[in-house]
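Coordinates in review
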Amino acid sequence: MKQREFPAAAGRVPAGAIGHNRGVVRRNYAFMPPEGVLVSRLPQYEGTIARVLAAPVLGAGFAQYVLEVAPGGGNAAPFREAGIQHFFYVLIGEVTFGIGDDAPKRLTAGGFSYLPPGTPFTLRNETAETARVLTLRKRYEPAPGLTPPEPILSHQDAVPMTNHTGMEGRGFQFLLPYGDMRFDFEMNLMWFKPGVCFPAVETHVMEHGLYMLEGQGLYLLGQDWHEIWAQDFIWMGGFCPQQFYPTGYSDACYLLYKNVNRDVAL
Ligand code: UGY
Ligand code: MN
């Protein structure tokens, strides 16, 4: 199937709009190409379109969005939510990001921010181009003897590329400190050379929110393979069988949410 133009050009319905849909929603996974995810607006963001990718109504234990922040748009006043963590990753363009009383800083594409529960922040677009920002909200799960972590403002270029698997052609950038038990989720950039898949089909208790950044491939969800490319989103619930087979001629990369470091709630 031909890749759809996104956002779609105004005027005429593109060929295949009715009969050729890659979107699928199942009990414990969902595959969402961007063209079908409609626009929401949220009171805390001015001049901003939010496309909601994952939410509890889908079965997810978190919420994930793409924000399209127009020039001059963003938070008019600091925003905070008791009990809720926030994560931001700049996809395209540049935003100005303020945490608490600190002087706001510029975040360019690849820049990211983590906010522990209740932290006030402001995200604003002070440039002349629309910025696209991936964002995630998750209720913090406290653990005995642990306090929530500090805020983070950084860039993926400052995060080392590692490969704990030893598998040829794999690369990992753990944007949040790996193995730090104060965190209850990971945000990982997963890099693949063409043709390099996981050593086995994974089936695990952890959930995922996967946003495709670069390259293309085939994604196994449950029993079905889905063709995936940049800007597609996948939600994988617990115990969803999963495998990635990168195709094409360039490296593939996706940003992966994973809930970790906490026992199963009974
Ligand atoms: O770490 C993970 O769970 C990862 N290998 N899963 C995935 O990319 N679908
Ligand atoms: Mn996994």
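Here the structure is a predicted model, which is why all the values come from computation and not from measurement. (Residues numbered from 1 in each chain as written. Chains lettered and ligands numbered in written order. Predicted model: local features only at pLDDT ≥ 70, side-chain atom pairs only at ≥ 80, totals over all residues. Heavy atoms only, no water.)

Things to note about the site of ligand 1
Condition: Throughout, the term near means that a residue has one or more heavy atoms lying within 4 Å of the molecule or strand in question. The term polar contact refers here to a pair of N or O atoms within 3.5 Å; inside protein, the definition further demands a hydrogen-donor-capable atom paired with an acceptor-capable atom, and it admits residues adjacent in sequence only when both atoms are side-chain atoms. Note that accessible areas follow from Shrake-Rupley with a 1.4 Å probe, and for residues the cover is restricted to the protein chains shown. Strands are runs of DSSP state E lasting at least 2 residues, helices are runs of H or I lasting at least 4, and numbering of each runs from the N terminus.
The local shell around ligand 1 consists of Met190, Phe198, Glu202, His204, His208, Tyr219, Gln242, Tyr254, Leu256 and Lys258. Between ligand 1 and His204 there is a distance of 3.2 Å, counted from an oxygen atom to a side-chain nitrogen or oxygen. Lys258 is positioned with one of its side-chain polar atoms (N or O) 2.8 Å from an oxygen atom of ligand 1. Contact with the protein chains removes 91% of the 270 Å² of surface that ligand 1 exposes when unbound. Here the shell around ligand 1 takes three residues from strand β19 (residues 252-259), the largest share from any one element.

Quick look at the coordination of the manganese ion (ligand 2)
Our working definition: Only N, O and S atoms count as donors, using a 2.8 Å limit from the metal and a wider 3.2 Å limit for Na, K and Ca, and since water is excluded some coordination spheres may look unfilled. Angle rules define the geometry names used: all angles between 85 and 135 degrees makes four donors tetrahedral, while opposite donors over 155 degrees apart and all other angles between 65 and 115 make four donors square planar and six octahedral, leaving every other case irregular. Working definition: with a 1.4 Å probe on protein chains only, accessible area under 20% of the residue-type maximum means buried, over 50% means exposed, and in between means partly exposed.
Taken together, Glu202 (OE), His204 (NE2), His208 (NE2) and Gln242 (OE1) make up the protein donors of the manganese ion (ligand 2), found 2.2 to 2.4 Å from the metal. Here the manganese ion (ligand 2) binds six donor atoms, and the angle range of 76 to 174° at the metal identifies the geometry as octahedral. Here the donor residues for the manganese ion (ligand 2) map to a single chain with the spacing E-x1-H-x3-H-x33-Q. Since its relative accessible area comes to 13%, His204 is described here as buried.

Some points on the packing of aromatic side chains
Just so we agree on the cut-off: The aromatic pairing rule takes the rings of Phe, Tyr and Trp, using the six-membered ring of Trp, and pairs them if the centres are within 6.5 Å, calling planes under 30 degrees apart stacked, those over 60 edge-to-face and the rest tilted. Counted as over-ring charges are cases with an Arg CZ or a Lys NZ within 6 Å of the ring centre that also lie within 35 degrees of the ring normal.
Under the definition given, this model contains 17 aromatic pairs. Each ring, one from Phe97 and one from Phe121, has its centre 5.9 Å from the other, and the planes form 0°; the classification is stacked. Placement of Phe97 in strand β6 (residues 94-99) and of Phe121 in strand β9 (residues 121-124) is noted, with a sequence separation of 24 residues between them. Members of the aromatic cluster, joined through ring pairs, are Phe62, Tyr114, Phe183, Phe185 and Tyr257. Sitting over the ring of Trp229, Arg22 keeps its end group 3.9 Å from the ring centre.

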